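What follows is the residue order along each chain.
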Amino acid sequence: VQLQASGGGLVQAGGSLRLSCAASGRTRSSYVMGWFRQAPGKEREFVAGISWSGGSTYYGDSVKDRFTISRDNAKNTVYLQMNSLKPEDTAVYYCAAGTGFYWSRSAYNYWGQGTQVTVSS
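Residues numbered from 1 in each chain as written. Predicted model: local features only at pLDDT ≥ 70, side-chain atom pairs only at ≥ 80, totals over all residues. Heavy atoms only, no water.

Draft legend 1. Representation of the overall build of the chain in the model. What the chain contains, in helices and strands, is 0 helices and 11 strands. Going residue by residue from the N terminus, the α and β elements of the chain occur as β-β-β-β-β-β-β-β-β-β-β. Seen through its C-alpha atoms, the chain measures out along the principal axes to roughly 40 × 25 × 25 Å. For the chain, buried positions account for 44% of its 121 residues. (Helix = DSSP H or I, 4+ residues; strand = E, 2+ residues; numbered from the N terminus. Buried < 20%, exposed > 50% of the residue type's maximum accessible area, 1.4 Å probe, protein only.)

Rendered as C-alpha cells:
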C-alpha cells in the first residue's frame, strides 16, 4: 500500500487546512486509516483514526472539536479537516493505514511520506 499525503502549508492561527491522503496499490476498504503528526524534538502523536466504514472515529485530546477525519472509500482517500489551528499544531503530518482497531496506534503499519503544516501566530 502506498499513501500520498497532500494539502499542508502555512496558515495563520485560527485558520483552516484540509489534508488529503490517497491510497494506492493493494488497497482494501477494510483498512483503518489515520493521521499522526510529529513536531521537532517531540514524539509522533496519534491525531485521529477512522474505521473502515467511516462510521467511527477517534481523536486525540489536543485536536478534539477542532479536527475532523473522514474517508471516501470509492476514492481510496482519507481527509483531515483542521479548523481553529494553533501554533502548537505545527508539525509534519503523516497519514497511515492498517488493520485492527482504528483507535489503536498499533493498528497502523503503512505510512505516507508526510506533509508539513506550519501555523504562524
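Back to the write-up after that little detour.
Draft legend 2. The arrangement of the pattern of salt bridges in detail. Taken as a whole and assessed by the stated rule, the structure comprises 4 salt bridges. Note that Lys 64 and Asp 61 form a salt bridge whose closest N and O atoms lie 3.2 Å from each other. Owing to a relative accessible area of 43%, Lys 64 belongs among the partly exposed residues under this scheme. One salt bridge connects Asp 89 with Arg 66, and the closest N-O pair in it is separated by 2.8 Å. Pair noted here: Asp 89 is in the loop between strand S8 (77-82) and strand S9 (91-98) and Arg 66 is in the loop between strand S6 (57-59) and strand S7 (67-72), with a separation of 23 residues, a long-range link. Judged by its relative accessible area of 10%, Arg 66 falls in the buried class. (Salt bridge = Lys/Arg side-chain N within 4 Å of Asp/Glu carboxyl O.)

Draft legend 3. How the structure looks around the state of the cysteines. Scanning all chains against the criterion turns up 1 disulfide. The residue that forms a disulfide with Cys 21 is Cys 95, at a sulfur-sulfur distance of 2.0 Å. The chirality of the disulfide connecting Cys 21 with Cys 95 is right-handed, given an S-S dihedral of about 50°. Placement of Cys 21 in strand S3 (residues 17-24) and of Cys 95 in strand S9 is noted, with a sequence separation of 74 residues between them. With relative accessibility at 0%, the residue Cys 21 sits in the buried group. For Cys 95, a relative accessible area of 0% puts it in the buried group. (Disulfide = S-S within 2.5 Å.)

Draft legend 4. Summary view of the pairing of S9. Here S9 lies mainly inside the structure; 7 of its 8 residues are buried. Note: S9 against strand S10 (residues 108-111), 3 bridges, orientation antiparallel. Bridge pairing in S10 places Ala 97 opposite Tyr 110. (Pairing = 2+ DSSP bridges.)

Draft legend 5. Structural view of the sheet that holds strand S1 (residues 2-6). Reading across the sheet, the 4 strands line up as S1-S3-S8-S7 and stay open at both edges, with antiparallel pairing between neighbours. Lying at the two open borders of the sheet, with one neighbouring strand each, are S1 and S7. Neighbour-to-neighbour, the strand axes of this sheet turn through a mean angle of 15°, independent of strand direction. Of the strand pairs in this sheet, S7 and S8 are connected by 6 bridges, and their pairing is antiparallel. Within S8, the residue paired with Ser 70 across the bridge is Tyr 79. (Axes fitted to C-alpha atoms, helices over the stretch in contact; angles between N-to-C directions.)

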